[in-house]
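Fold and geometry: a report
Chain by chain, the residues:
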Amino acid sequence: RWLTRKPLPPGALERIADSIADRLRVPWFSGAVRVNVSLAPPLLLLPVFLHLAALHFLLGLVVLTSLPVVVLWYYYLTHRRKERTLFFLSLGLFSLGYMYYVFLREVVPRGHVENSQVVVLTCGLILMLAALSRAKKDPGYLPIPAGNEKPSHQGLPNKSVRGSSGGLHGISGAASSRAVNGEAKGYCRMSAEQPEGVKKDWCTKCQLVRPARAGHCRLCGRCVRRLDHHCVWINSCVGEQNHQAFILALSFFMLTSVYGITLTLHTICRGRSVFVALLYCPGAYSDYSSALSFTCVWYCAIVTAGMGYILLIQLLNISYNVTEREARLALRDNTGRRLLGGLVIDTGQYNRGLLCNWGHFLSLGASPPQRSAEDIV
């Protein structure tokens with residue numbers, strides 16, 4: 001029908017794609033293993049594009065400009081369909097491995113990089129992968145009630161249910177005015193009471209009462225404690241249990257990437273500063289090895305700039321004790337104020353000063369502080 005330009009039945013292309021994805025399997029001892037289709041594009045296209053960009057300066061300009069556009073297009077496509085994909089995680093991990101391979105194969109043999117510098121770069125890569133592995137673990141999923149039954153609300157005094165957007169119902173009262181799941185302001189000698197207006201929510205999808213600052217991830221289909229956002233680069237949510245590891249992985253990536261870029265530019269563009277060499281390196285395309293290294297440097301610089309922006313937003317949000325989810329809700333409801341040129345949205349709900357905000361972040365995942373009998377009375 002497609003070759004003869006006849007109209008296709010509704011959903012025909014989707015069924016064909018699903019059939020191909022189901023039949024794409026690798027033989028194994030215990031039976032054929034299904035291969036996720038989203039893993040293939042980075043493994044195949046990234047080396048091809050980078051080697052193509054190394055052939056000529058203009059080709060490099062076109063390829064390095066189009067790559068971010070394609071990645072953003074795929075992100076919005078999957079985000080709109082509410083689909084989980086391993087494409088971004090595969091792209092990130094394979095990019096790290098391939099950049100490290102090019103560095104060892106093309107840059108180190110030139111003799112300008114010392115063994116100690118290679119060891120430092122390798123250690124940074126290992127630490128980043130270790131933090132990434134920790135960030136991939138449980139972000140703080142709330143347990144789903146057995147049988148997906150609604151839990152009893154008898155223990156919630158003075159409850160009043162009211163409708164809200166997204167199918168959530170706020171449950172306010174005496175229980176919602178207390179700090180839960182480590183949100184108590186026991187440090188900095190602050191009151192254990194939660195700020196006025198903080199409430200628990202009833203999630204109609206998970207059929208449970210969510211504590212304050214928890215949220216439902218539509219991609220994972222689960223509620224997460226202190227949900228920040230769903231990160232496509234780790235294919236998981238960032239919440240109370242893995243937010244610290246997520247920041248650590250971003251920090252190690254930034255340090256390792258900048259260090260690797262510096263070593264490479266000092267090798268292929270000797271006598272020039274890093275910033276000048278990145279913009280103007282006359283001998284970069286004198287041979288294919290230098291051209292490939294320079295192309296990989298620019299690819300790393302683009303990725304590092306994007307990750308640096310994510311890290312900056314995260315650090316600012318931590319400094320104001322606000323999550324990405326709370327910032328989006330504040331913008332939607334017009335209840336927050338933009339600061340620092342709109343880089344951060346301060347809701348004012350949990351902000352207790354820079355030191356206390358960072359103290360709260362560093363204590364995430366720890367057991368909530370015990371309250372004395374005097375505080376309870």
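Residues numbered from 1 in each chain as written. Predicted model: local features only at pLDDT ≥ 70, side-chain atom pairs only at ≥ 80, totals over all residues. Heavy atoms only, no water.

**Some remarks on the pattern of salt bridges**
Enumeration over the complete set of coordinates arrives at five salt bridges. A salt bridge links Arg 213 to Glu 326, with the nearest nitrogen and oxygen atoms 2.7 Å apart. Linking Arg 213 in the loop between β6 (208-210) and β7 (215-217) with Glu 326 in helix α9 (residues 324-333), this pair joins segments that are 113 residues apart in sequence. By the burial criterion, Arg 213 is buried, and Glu 326 matches it. The partner of Arg 332 in a salt bridge is Asp 333, and the shortest N-O contact between them spans 3.1 Å. Judged by relative accessible area, Arg 332 falls into the exposed class, the value being 51%. (Salt bridge = Lys/Arg side-chain N within 4 Å of Asp/Glu carboxyl O. Helix = DSSP H or I, 4+ residues; strand = E, 2+ residues; numbered from the N terminus. Buried < 20%, exposed > 50% of the residue type's maximum accessible area, 1.4 Å probe, protein only.)

**Some points on the state of the cysteines**
Taken as a whole and judged by the stated rule, the model has one disulfide. Disulfide partner of Cys 269: Cys 281, at an S-S distance of 1.6 Å. Given an S-S torsion of about -100°, the disulfide between Cys 269 and Cys 281 has left-handed geometry. With Cys 269 in the loop between α6 (243-268) and α7 (274-279) and Cys 281 in the loop between α7 and α8 (288-319), this pair connects stretches of sequence that are 12 residues apart. This pair shows no difference in class: Cys 269 is buried, exactly as Cys 281 is. You can see Cys 217 has no disulfide; the closest cysteine sulfur is in Cys 237, sitting 3.3 Å from it. The class of Cys 217 is buried, set by a relative accessible area of 5%. (Disulfide = S-S within 2.5 Å.)

**Points about the UniProt feature "transmembrane region" (unreviewed entry) in the protein**
What UniProt calls "transmembrane region" (unreviewed entry) maps, in this numbering, to residues 48-74, 86-103, 115-132, 245-268 and 288-312. A distance of 25 Å separates the end C-alpha atoms of residues 86-103, which is 94% helix and 0% strand. End-to-end, the C-alpha atoms of residues 115-132 are 26 Å apart, and along that stretch the chain is 100% helix and 0% strand. (UniProt positions renumbered as here; feature names shortened; annotations may be inferred.)

**A closer look at a positive patch on the surface**
Taken together, the side chains of Lys 82, Lys 205, Arg 218 and Arg 328 present a region of like positive charge at the surface. With respect to the helices and strands, the residue Arg 218 is situated in the loop between β7 and β8 (222-224). Of the residues examined, Arg 218 reaches a relative accessible area of 42% and is grouped as partly exposed. (Patch = residues over 30% accessible without salt bridge, like charges linked within 9 Å, V, L, I, M, F, W, Y side chains within 5 Å. Areas by Shrake-Rupley, 256 points an atom, 1.4 Å probe, with all protein chains shown as cover. Lys, Arg positive; Asp, Glu negative; His and termini not counted. Charge placed at Lys NZ, Arg CZ, Asp CG, Glu CD.)

**Notes on α9**
Listing the buried residues of α9 in full gives Arg 325, Glu 326, Ala 327 and Ala 330. Against β6, β7 and β12 (344-346) lie the buried residues of α9. One or two positions beyond α9, positive phi appears at Asn 334, with a value near 55°. (Contact = heavy atoms within 4.5 Å.)

**Topic: the packing of aromatic side chains**
Considering all chains together, one arrives at 12 aromatic pairs under this definition. Taking 4.6 Å as the distance between ring centres and 55° as the angle between the ring planes, the aromatic pair formed by Tyr 74 and Phe 87 counts as tilted. Here Tyr 74, found in helix α3 (residues 57-80), pairs with Phe 87, found in helix α4 (residues 87-107); they are 13 residues apart in sequence, far enough to count as distant. Under the relative-accessibility criterion, Phe 87 is labelled buried at 11%. For the ring pair Tyr 75 and Phe 88, a centre distance of 6.2 Å and an interplane angle of 80° mean the geometry is edge-to-face. Note that Tyr 75 is positioned in helix α3 and Phe 88 in helix α4, a separation of 13 residues in sequence. Taken together, Tyr 74, Tyr 75, Tyr 76, Phe 87, Phe 88 and Trp 233 form an aromatic cluster joined through their ring pairs. (Phe/Tyr/Trp six-rings, centres within 6.5 Å; stacked < 30°, edge-to-face > 60°.)

**Notes on empty space enclosed by the protein**
Applying the stated rule across the entire model yields three cavities of 30 Å³ or more. Volume-wise, the largest cavity comes out at about 60 Å³. If you go around the largest cavity, the residues you meet are Tyr 75, Thr 78, His 79, Glu 83, Arg 84, Thr 85, Leu 219, His 230, Val 232 and Asn 235. With three residues, the single largest contributor to the lining of the largest cavity is α3. (1 Å grid on protein atoms, 1.4 Å probe; cavity = no way out; pocket = protein on both sides within 12 Å on 5 of 7 lines; lining within 4 Å. Points joined across faces, edges and corners; volume = space filled by probe spheres on them.)

**Details of the environment of His 112**
With respect to the helices and strands, the residue His 112 is situated in the loop between α4 and α5 (115-135). You can call His 112 partly exposed: its relative accessible area is 39%. Separated by 158 residues in sequence, His 112 and Arg 270 place their C-alpha atoms 9.5 Å apart. At a separation of 3.1 Å, a polar atom in the side chain of His 112 contacts the side chain of Arg 270. (Polar contact = N/O pair within 3.5 Å; in protein donor to acceptor, adjacent residues only side chain to side chain.)

**Structural notes on the layout of surface pockets**
Its boundaries defined by the atoms lining it, the second largest pocket holds a volume of some 560 Å³. What lines the second largest pocket is a set of 17 residues, and nearest its centre among them are Ala 17, Asp 18, Val 37, Arg 81 and Glu 83. Elements with a contribution of two residues or more to the lining of the second largest pocket: α1 (12-23) and α3. Here the element with the most residues in the lining of the second largest pocket is α1; it accounts for six residues. Here the residues of the lining of the second largest pocket are counted per class, giving seven nonpolar, four polar and six charged. (Nonpolar A, V, L, I, M, F, W, Y, C, P; charged D, E, K, R; others polar.)

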